[in-house]
Amino acid sequence: MAYFPCILGIWIFLHHGCVTGYPKQTPSGSEDTRICTSVPPHLPPTATNTSERLSSLRLHMRTHNLSAYVIPSTDAHMSEYLAERDKRLSWMTGFTGSAGTGVVTLQKAALFTDSRYWLQAERQIDCNWELQKSVWVDFISEWILHEVPAGERIGLDPFLFSVVEWRSYSQALEDVERILVPLEDNLVDRVWGTQRPPPPASEIYHLSDNFTGRPWQEKVSALRSQMEHHSRSPTALFLSGLEETAWLFNLRGDDIPFTPVFYAYALLTKTDISLFVHEGRLSPEASQSLTAQCPGPLCVQMPAYGQARAGLRGYAQQAGVRVWIGAEHTTQGFYGAIPPEKLLEEDYSPAMLTKAVKNSREQELLRAAHVRDAVAVIRYLVWLEKNVPSGSVDEVSGAQYVDQLRRQELYCHGPSFETISASGLNAALAHYSPSNETSRRLSGAEMYLLDSGGQYKDGTTDITRTLHWGEPSPLQKEAYTRVLMGNIDLARLVFPPQTSGRTVEAFARRALWEVGLNYGHGTGHGIGNFLSVHEWPVGFQSNNVPLGDGMFTSIEPGYYKDGEFGIRLEDVALVIYAETKIEYIDRYHMAVRKRIGPELQERQLDEEYQWLLQKTQPLSHTSLLATSLGTLAMGTLTSTLLPGA
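Residues numbered from 1 in each chain as written. Predicted model: local features only at pLDDT ≥ 70, side-chain atom pairs only at ≥ 80, totals over all residues. Heavy atoms only, no water.

Draft legend 1. A look at the state of the cysteines. One pass over the full model with this rule turns up two disulfides. Here Cys36 pairs with Cys127 through a disulfide, and the sulfurs are 2.1 Å apart. A torsion of -95 degrees about the S-S bond marks the disulfide between Cys36 and Cys127 as left-handed. A residue pair is termed long-range when its members are at least 10 positions apart, and Cys36 in the segment before α1 (51-63) and Cys127 in the loop between α3 (118-124) and β4 (130-132) qualify at 91 residues. Residue Cys127 is classed as partly exposed on the basis of its relative accessible area of 29%. The partner cysteine of Cys294 in its disulfide is Cys299, sulfur to sulfur 1.9 Å. Judged by the sign of its S-S torsion, about 85 degrees, the bond between Cys294 and Cys299 is right-handed. Assessed through its relative accessible area of 6%, Cys299 is described here as buried. In the protein chain, the bonded cysteines, taken in the order they occur along the sequence, pair up as 1-2, 3-4. (Disulfide = S-S within 2.5 Å. Helix = DSSP H or I, 4+ residues; strand = E, 2+ residues; numbered from the N terminus. Buried < 20%, exposed > 50% of the residue type's maximum accessible area, 1.4 Å probe, protein only.)

Take a look at the structure:
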């Protein structure tokens, strides 16, 4: 580790750079968070008054004889980022974080969220809401059991809960005599009324072959092959995730902020393809792409989006059929349309799993996108060096400028998420988003965290860097060093195939644990090719799939001290087969096969030849290596600029 002094006395942490900190900062004052114990309660200007909304919701609850109503933070496709009309939890509570659940009873209201958002929630919700510091279903259910007596009814929208989530609530609540009531008439929508934003209506467009790993027809054929070879012989595959349908058909849209997808479902059988979508929204090129081979098994029919459940139910009523679904992204509302004996349920659909493994072309595209993205980030860091000392940059203007620089890059379609531009105490909020009310001016007196990314037609990017323009404190030096060590340790790790991310995640935390430090968010997530910046099912959580060759994942350990500062370092890594010492043995064995094998065959020593083949089988596939995409991209640039490098 080394310090990198800069011309203006600025410390910069660029890639795996240096360790710095800043003098101890006074914790934030109470004026920016709610104080519900004061008389009258103190609410910051960022809080939302929800009294009228809650009163109206409770009227609807009484109409349906409900004692509680559960409000998740997702849509009918289990999306992480939401269109404005689907931000029900945000509208109901004022809380804008990406993870949370609201529960409203006739007497109380509670917001459940994780440690990334605790401080943000205290700034945004009013005193009608209790803040509960967990998002686990078991924790939420315990709260409900405490507030709702046995025999009473709890309402949920079945189209906003996955099969897995619904089952978890059912086991936790119905087994102890609480009644789950599926209400397709969403009560928050009733309260929202005409103020609820309209459905998206922008064009759905075709992604040219230059930006895809292969034509959509090949993807369909590959999925049909998986159906044919599955031991339970499914006759159809139903896709609910928006990324699945966008990836499968090489189409993109702008229905969801930061994620180029569109509202649709798909039903793929051995002979037919149905894409449930608002057909009039497709561009002529997109429509031509889907219908060019009509009629036939590669002809895409386009029933209306609203007909998806009826279409699925109609197919499932036929004799001799079995429908394959991914339970993590299929809602209870669609699950109920398939008779149990005609259902093949797995955690993730084959489309989701296939999409997670990038082929060589997709890897090449992602690398190219990251190179251009790195140029934009470097330009931003140079701009900061020039302008921060003059006091002319705040969090909002910084976020706007880095987004502007990305848009100047080839194939850029905008940011991949809302830029996290956080200085000082705001950086202690892991997913802080700057606003005019909370924006701080960047200065040499405090640490600055930038977590940002871009959507490019050839790939999606996500990178976090932490900077400081001043004299670091000992704690900040120590914390930064150990966050950096965790990033390096995990990026250099060699591990066996089929190892889960959860198994190796501790390597990113070990250096922090050694001195009693930790962080409350996940260590990484998958990333798409011009799709979601948080792409399931790759990552380091318990419900992620085992890591495999061709998967991309972020690596992003951090440390956050409430009211003072935050540190995070994030790179995107590619899982590849490792070049280990075993490779030498494999090369030796292959040489033996090449030289001795023909001699044994020529002498018709068949038994000896088979013995040789058995004893010289490759050993190297016992380990995989995650390598930093940032390093690969920098190496590519170096090779281009410096011949012979």
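Draft legend 2. Layout of the packing of aromatic side chains. What the rule picks out here adds up to 19 aromatic pairs. Sitting over the ring of Trp91, Arg53 keeps its end group 4.3 Å from the ring centre. Above the face of the Trp118 ring, Lys133 is positioned so that its terminal group lies 5.0 Å from the ring centre. (Phe/Tyr/Trp six-rings, centres within 6.5 Å; stacked < 30°, edge-to-face > 60°. Lys NZ or Arg CZ within 6 Å of the ring centre and 35° of its normal.)

Draft legend 3. Broad picture of the sheet that holds strand β12 (residues 300-301). As summarised here, the arrangement of the six strands in space is β12-β11-β10-β8-β13-β14, forming an open sheet in which the pairing is mixed. Each end of this open sheet is capped by a strand with a single partner; those strands are β12 and β14 (343-346). Lying over the sheet, helix α10 (residues 308-316) contacts β8 (236-239), β10 (265-269), β11 (273-276) and β13 (323-326), oriented at roughly 20 degrees with respect to β10. (Pairing = 2+ DSSP bridges. Contact = heavy atoms within 4.5 Å. Axes fitted to C-alpha atoms, helices over the stretch in contact; angles between N-to-C directions.)

Draft legend 4. Highlighting the pattern of salt bridges. Here the structure, examined in full by the defined rule, presents 29 salt bridges. With a shortest N-O distance of 3.1 Å, Asp32 and Arg123 are connected by a salt bridge. Linking Asp32 in the segment before α1 with Arg123 in helix α3, this pair joins segments that are 91 residues apart in sequence. With respect to burial, Asp32 and Arg123 carry one shared label: buried. Measuring nitrogen to oxygen at the nearest pair gives 3.0 Å for the salt bridge that ties Arg190 to Asp185. (Salt bridge = Lys/Arg side-chain N within 4 Å of Asp/Glu carboxyl O.)

Draft legend 5. How the structure looks around the side chain of Ser283. Tracing the backbone through its elements, the reader meets Ser283 in the loop between β11 and α9 (284-291). The exposure class assigned to Ser283 is buried, which follows from its relative accessible area of 6%. In this structure the side chain of Ser283 is engaged in a polar contact, spanning 3.0 Å, whose partner is the backbone nitrogen of Ala286. (Polar contact = N/O pair within 3.5 Å; in protein donor to acceptor, adjacent residues only side chain to side chain.)

Draft legend 6. Structural view of the pairing of strand β6 (residues 179-182). Pairing between strand β5 (residues 153-156) and β6: four bridges, direction parallel. Bridging from a neighbouring strand, Leu156 pairs with Pro182 of β6. The handedness of the β5 to β6 crossover, carried by helix α5 (residues 163-173), is right-handed. (Right-handed = clockwise from strand over helix to strand, strands pointing away.)

Draft legend 7. Structural view of the nonpolar core. Of all hydrophobic cores here, the largest spans 61 residues; its most connected members are Phe249, Leu275 and Leu290. The element that contributes the greatest number of residues to this core is helix α8 (residues 242-249), accounting for five residues. Once you skip the residues sitting within four places of it in the chain, Leu275 turns out to touch Thr245, Phe249, Leu251, Ala264, Tyr265, Ala266, Leu290, Val300, Gln301, Met302 and Pro303. Among the nonpolar cores identified, the runner-up in size contains 37 residues, and Ala430, Ala491, Tyr519 and Ile567 belong to it. (Core = buried A, V, L, I, M, F, W, Y, C linked by side-chain atoms within 4.5 Å.)

Draft legend 8. Quick look at α9. Considered for burial, the residues of α9 that qualify are Ala286, Ser289 and Leu290. One side of α9 carries all its buried residues, which in axial view fall inside an arc of 90 degrees. Exposed and oriented more than 90 degrees from the buried face of α9 are Pro284 and Gln288. The secondary structure elements touched by the buried residues of α9 are β7 (205-206), α7 (216-229), α8, β9 (251-252), β11 and β12. (Arc of directions from axis to C-beta.)

Draft legend 9. Structural view of the sheet that holds strand β16 (residues 420-423). Taken together, the three strands give an open sheet; going across it, the order is β16-β17-β20, and neighbouring strands pair in antiparallel fashion. Of all the strands in the sheet, just β16 and β20 (463-468) have a single pairing partner and so form its edges. Geometrically, the sheet is characterised by an average inter-axis angle of 10 degrees between neighbouring strands, direction not taken into account. On top of the sheet, helix α13 (residues 360-387) reaches β17 (447-452) and β20; it is set at about 15 degrees to β20, its chief contact.

Draft legend 10. Focus on the confidence of the model for the protein chain. Per-residue pLDDT for the protein chain averages 89, and the proportion of residues at 70 or more is 90%. Note that residues 1-30 has pLDDT below 50 and, in this model, 106 contacts with residues that lie over four places away or in other chains. (pLDDT = per-residue confidence, 0-100.)

Draft legend 11. Region of the structure containing α1. For α1, spanning 13 residues, the distance from its first C-alpha to its last is 19 Å, which sits close to the expected 18 Å at 1.5 Å a residue. Along α1, the positions that sit buried rather than exposed are Leu54, Leu57, Arg58 and Met61. For α1, the angular spread of the buried residues around the axis is 100 degrees, confining them to a single face. Residues of α1 that are exposed and point over 90 degrees away from its buried face: Glu52, Leu59 and Thr63. The secondary structure elements touched by the buried residues of α1 are β1 (68-72), α2 (88-93), β2 (101-105), β3 (109-112) and α6 (187-192). Phi turns positive one or two residues past the end of α1, at Asn65, with a value near 55 degrees. (Expected span 1.5 Å × (residues − 1).)

Draft legend 12. Fine view of the environment of Leu467. Checked against the element boundaries, Leu467 lands in strand β20. With relative accessibility at 0%, the residue Leu467 sits in the buried group. Between the alpha carbons of Leu467 and Thr194 there is a distance of 45 Å; along the sequence they are 273 residues apart.

Draft legend 13. Just the packing of helix α15 (residues 474-491) against helix α17 (residues 506-513), in detail. Direction vectors running N to C along α15 and α17 enclose 155 degrees, while the axes themselves pass 7 Å from each other. Classified by the angle their axes make, α15 and α17 are roughly antiparallel. For α15 against α17, the interelement crossing comes out right-handed. Contacts between α15 and α17 involve Ala479, Arg482, Val483, Met485, Gly486, Asp489 and Leu490 from the first element and Phe507, Ala508, Arg510, Ala511 and Leu512 from the second. Here the contact of α15 with α17 is composed, by residue class, of eight nonpolar, one polar and three charged. (Parallel < 35°, antiparallel > 145°, perpendicular 65-115°, else oblique. Left-handed = near helix turned anticlockwise from the far one by under 90°. Nonpolar A, V, L, I, M, F, W, Y, C, P; charged D, E, K, R; others polar.)

Draft legend 14. Region of the structure containing the environment of Asn186. One can find Asn186 in the loop between β6 and α6. Of the residues examined, Asn186 reaches a relative accessible area of 5% and is grouped as buried. Once the C-alpha coordinates of Asn186 and Leu156 are considered, the two residues, 30 residues apart in sequence, prove to be 8.2 Å apart. For Asn186, the contacting residues outside a window of four places in its chain are Tyr69, Arg88, Asp157 and Leu160.

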